[in-house]
Every structure is written in structure tokens, then in C-alpha cells.
Amino acid sequence: MPAATPGPRDPRPLTGEPLALDLLNTRWVEDGAPRDLLDGTEGLTVWLAANGLDGRFAADADTLRHTLRARDALLAAVDGSLAAGAAAVDAVLAHGRIRATLTEAGPGEEAEFEDASWGPGWLAARNYLTLLATAPDRVRRCAHEACVLHFFDTSRNGTRRWCSMAVCGNRAKASRHYARSKDA
């Protein structure tokens, strides 16, 4: 059996966040220029694979359009106000539902969609509800003024400020050091 060929590499600087935040992180800034992984179906293919959704959903134009709508709704709720973003997130959630199931392992849940192209965006919106129910104060945007990435703070004391200490945290420390040495 031939080895599976890996798909295109995920170019994003921050991956592995919960699905809702990972969808938001399909936009980032690189060398001062905005980047968008979801600028076409090729990027959608990468994002679906990164989140284990590639076997369930097609990376086609309809799925891309609906996933972008979900991303915009989540951005309105996370970076805007929850009151303002709630209607947009609810509009995405209207395209699916959770069906209770009973399996050999016990009770379970299964997401159902009238139109499967809403699936990835719906799952991301549903994941956001889970994050809000778990720890809403731990959903954060990176504190660096030039960064647009989001993360779920899993630090013990809940004081994480940067998407990456090695990148944004280091930039902030370097700029503070530069300001101090310039003043001296």
C-alpha cells in the first residue's frame, strides 16, 4: 500500500486552538501584511485537514462561503460585543442541530445538518458556545497590538497575554527594552 501524500502545509503561526478560535486564526498578520488561509478552497482544504474534518466535509465553494460566514459571526462575538455577535452566531447555529444518541459506549451526541456545507462553520460556532460555558474569561485575543490571533488561555493562573511568548511576547519585551535604552 503506498504511503499517503501529505496535503499542503498549514502556514498559520498559531494552530491547535479550539475549533472556534482556530477558525478565527485563519486570518493573521505576517511581516506587516494581512494573510487569509480561507481565500480559496485550497486553504479550506488545509483548515479542514488540520481539524480532522476533511473526511466529513467537502472543501467546495458552498462550504467555504458558509465557513467564512461563521468566521465573521464568531469575530463579531469575540472581538465585538457578545450582544452584537449573538444574532450572527445564532444565524449560523440555525443550520444544524445536536441529536441525542445511544451507543454501545453509552449516551452520545451527533451533529446533524440539512446542508452539509454548513457543517464546519456550525461546529465552530457550537464549539464557541462550549468555550463560553466552560470559561468565557479564558477566550482571549493576543495582547500585541499588531497581532490578530486568538487563543484559549489554559495557563494555571489564567494570565497568558500572548498568542506565542516566542513571537509576540518577545516582540513586546524587545520594544520595551528598546524604549528603556533609548530613554537612557
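Above this text is the structure in question.
Now for a look at the structure at hand.

Cut-offs used in this document
Residues numbered from 1 in each chain as written. Predicted model: local features only at pLDDT ≥ 70, side-chain atom pairs only at ≥ 80, totals over all residues. Heavy atoms only, no water. Helix = DSSP H or I, 4+ residues; strand = E, 2+ residues; numbered from the N terminus. Expected span 1.5 Å × (residues − 1). Buried < 20%, exposed > 50% of the residue type's maximum accessible area, 1.4 Å probe, protein only. Contact = heavy atoms within 4.5 Å. Polar contact = N/O pair within 3.5 Å; in protein donor to acceptor, adjacent residues only side chain to side chain.

Some words on helix α3 (residues 61-79)
In step 1: Look at α3: 26 Å from first C-alpha to last across 19 residues, which is about the 27 Å you get at 1.5 Å a residue.
In step 2: Restricting attention to buried positions, one finds in α3 the residues T63, L64, H66, T67, A70, R71, A73, L74 and A77.

Side note on unusual backbone geometry
In step 1: Of note in this structure, D31 is not a glycine but carries a positive phi near 55°.
In step 2: Mapped onto the elements, D31 comes out in the loop between β1 (27-30) and β2 (33-36).
In step 3: Overall, the relative accessible area of 80% leaves D31 in the exposed class.

Focus on helix α2 (residues 41-50)
Side chains of residues three or four places apart in an α-helix project in the same direction, reflecting 3.6 residues per turn.
In step 1: All of the buried residues in α2 are G43, L44, V46, W47 and L48.
In step 2: Buried residues in α2 make contact with α1 (19-24), α3 and α5 (119-134).

Focus: the side chain of R12
In step 1: Within the secondary structure, R12 is located in the segment before α1.
In step 2: A distance of 2.7 Å separates the side chain of R12 from the side chain of D10, its partner in a polar contact.
In step 3: Aside from chain neighbours lying at most four places away, what touches R12 is D22, N25, T26, W28, L37, W47 and A50.

Any link to function would need more than the numbers given here.
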